[in-house]
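Notes for the structure review
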Amino acid sequence: MAGEIPDLEVLERSGTGKGAARQARRDGMVPGILFGGEGDPLAIQMPFNVLLKRLKAGRFKSTLFNLKMEGKDDVRVICRDVQRDVVKDLPTHFDLMRLRRTSRIALYIHVDFINEDKAPGIKKGGVLTIVRQEVELNVLAGDIPDHITVDLEGKDIGDVIHISDVVLPEGARPTIDRDFVIANISAPRGLKAAADDEPEETAEE
């Protein structure tokens, strides 16, 4: 995740229960609930088209948002559930959870690559192949890193960078147990082609 925490605007919803929820949908809104943290549960709603656009953009349930609502203080939230119509697969309800600074959440964190000019493999014409531009980490809500850094200094052709090679911010840990690949430095295409074209040596009779 790079840059500032994105805003998510919602409206307070009057009334609760199925009747109020149906009315919200008739008005072009998707009903929701805001819960957790220090406050009481609050009925909210969001324009259908806005929520649908967010869902299509991806990772709605793993993005930290700055919730903005008229008459209320901004609060950090994460989506905990989106209910969908079983036939049309369109959103019918959503749940947002307020976060305490001590809450642990899984978020996608942007990966920055530095010192490309100090990587022998790249100087030789090697190609940096980025496998993961973002990495999902389990982090504290009050200490979310803007990015993690991969130092390419000294990396040569054929070198592979795993998550274990990266110094993670204090308190952050990967959500995946295995030591997955973030990037590698591969040989330039011309060198690869030349190697492929070389005839195999045969034993002399």
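Above this note sits the structure.
Worth saying up front: this structure is predicted, and the values here are computed from it rather than measured.

**A word on the overall build of the protein chain**
What the protein chain contains, in helices and strands, is four helices and 14 strands. Taken over C-alpha atoms, the radius of gyration comes to 24 Å for the protein chain, far larger than the 17 Å a tight globule of 205 residues would show. Based on the C-alpha atoms only, the size of the protein chain along its principal axes is roughly 90 × 40 × 25 Å. Sorting the 205 residues of the protein chain into buried and exposed places 35% on the buried side.

**Concerning the pairing of strand 10 (residues 134–140)**
In the sheet, strand 8 (residues 104–114) pairs with strand 10 via seven bridges, with the strands oriented antiparallel. When the sheet's bridge partners are listed, His110 is paired in strand 10 with Glu134. Note that strand 10 and strand 13 (residues 173–174) share two bridges and pair antiparallel. Residue pairing for strand 13: Leu137 is matched across the bridge by Pro174.

**Quick word on the pattern of salt bridges**
For the coordinates displayed, the defined rule picks out three salt bridges. As a salt-bridge pair, Arg59 and Glu134 come within 2.0 Å of each other at their nearest N and O atoms. Of the two residues, Arg59 is situated in the loop between helix 2 (48–57) and strand 5 (65–68) and Glu134 in strand 10; the sequence distance between them amounts to 75 residues. Here Glu134 falls in the partly exposed class, since its relative accessible area comes to 28%. The shortest N-O distance in the salt bridge between Asp74 and Lys68 comes to 2.8 Å. Since its relative accessible area comes to 29%, Lys68 is described here as partly exposed.

Reading the values: rules and limits
Residues numbered from 1 in each chain as written. Predicted model: local features only at pLDDT ≥ 70, side-chain atom pairs only at ≥ 80, totals over all residues. Heavy atoms only, no water. Helix = DSSP H or I, 4+ residues; strand = E, 2+ residues; numbered from the N terminus. Rg over C-alpha atoms; globule rule 2.2 N^0.38 Å. Buried < 20%, exposed > 50% of the residue type's maximum accessible area, 1.4 Å probe, protein only. Pairing = 2+ DSSP bridges. Salt bridge = Lys/Arg side-chain N within 4 Å of Asp/Glu carboxyl O.

Functional significance is not addressed by these values, which are geometric in nature.
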